[in-house]
Amino acid sequence: MAGIKHPGKRISSVARAEYLLARGDPRAAAACARRVLRHDPEQIGCLEVLARSLWQLGLYDSLLVTIATLTRLNPYEPGYHELRGAALQALGRLGEAVKAFARATPKSDIAGASVQELRNWQETVIADMIRDDEVFRIAYARDPESACRERGFEFLTECRPGDTWLAKSEAQTALYSRPS
């Protein structure tokens, strides 16, 4: 692989991409990583630099493509699933984010906290929707799981008929709180 000359030594393009990212230039780091990936599309070091660069640039859709490659190459790396969850969360795809964070949870306290935070947030939103949205309230009363999934929510637990996806006290409060 071609390297870049520095005083007294040559560094690889992967190291150059890392250097650019550390220097605070994610756009240049991404460009450098992409040049390497054209020749070696499974170069994990460059894929990781590209992923971190895309995160810093806020290019979450592109990041998801890069993470898909990383998880194909190493599906057991919890950091990839954490980053995927964070990108999905940034895109507002919270149900998918919960699943991604949960995939990383056994080895990651950060992902476990993220799952709990998203779960709490979803419960609050669902309670508000039950209170404020008559169509959702009716659908939720009939089939909580389907009503929630249709709106993109995910809680990683299976819901049996008659169960609710909120804590009993929250569900009762939400069901009995009607706008004046």
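Just so we're clear, the structure is a prediction, and the values are computed from it rather than from any experiment. (Residues numbered from 1 in each chain as written. Predicted model: local features only at pLDDT ≥ 70, side-chain atom pairs only at ≥ 80, totals over all residues. Heavy atoms only, no water.)

**Student:** Describe the overall build of the chain, with residues and values.
**Tutor:** Scanning the chain for helices and strands turns up 10 helices and two strands. Starting at the N terminus, the α and β elements of the chain follow one another as β-β-α-α-α-α-α-α-α-α-α-α. Within the span of the chain, comprising 180 residues, buried residues form 39% of the whole. Residue pairs at least 24 apart in sequence account for 42% of intrachain contacts in the chain once pairs closer than 6 positions are excluded. (Helix = DSSP H or I, 4+ residues; strand = E, 2+ residues; numbered from the N terminus. Buried < 20%, exposed > 50% of the residue type's maximum accessible area, 1.4 Å probe, protein only. Contact = heavy atoms within 4.5 Å.)

**Student:** Any details on the packing of helix α5 (residues 78-90) against helix α6 (residues 94-104)? Residues and values, ideally.
**Tutor:** In contact at an axis separation of 8 Å, α5 and α6 are set at 165 degrees when each is read in the N-to-C sense. In this view, α5 runs roughly antiparallel relative to α6, as classed from their interaxial angle. Of the two possible hands of crossing, α5 and α6 adopt the one that is left-handed. Taken together, the residues of α6 that come into contact with α5 (itself represented by P78, H81, E82, R84, G85, A86, L88 and Q89) are L94, E96, A97, A100, F101, R103 and A104. In terms of residue class, the contact of α5 with α6 is built from eight nonpolar, three polar and four charged. (Axes fitted to C-alpha atoms, helices over the stretch in contact; angles between N-to-C directions. Parallel < 35°, antiparallel > 145°, perpendicular 65-115°, else oblique. Left-handed = near helix turned anticlockwise from the far one by under 90°. Nonpolar A, V, L, I, M, F, W, Y, C, P; charged D, E, K, R; others polar.)

**Student:** Give me the nonpolar core: which residues, what numbers.
**Tutor:** By size, the foremost hydrophobic cluster in this structure holds 31 residues, and its most contacted members are A33, C46, V49, L50, L63 and L118. Where this core is concerned, the elements lending two or more residues are α1 (13-22), α2 (26-39), α3 (44-57), α4 (60-73), α5 and α6. In contact with L63, other than residues within four places in its own chain, are A51, L54, W55, L83 and A87. By size, the runner-up hydrophobic cluster in this structure holds eight residues, among which are I126, M129, C148 and F153. (Core = buried A, V, L, I, M, F, W, Y, C linked by side-chain atoms within 4.5 Å.)

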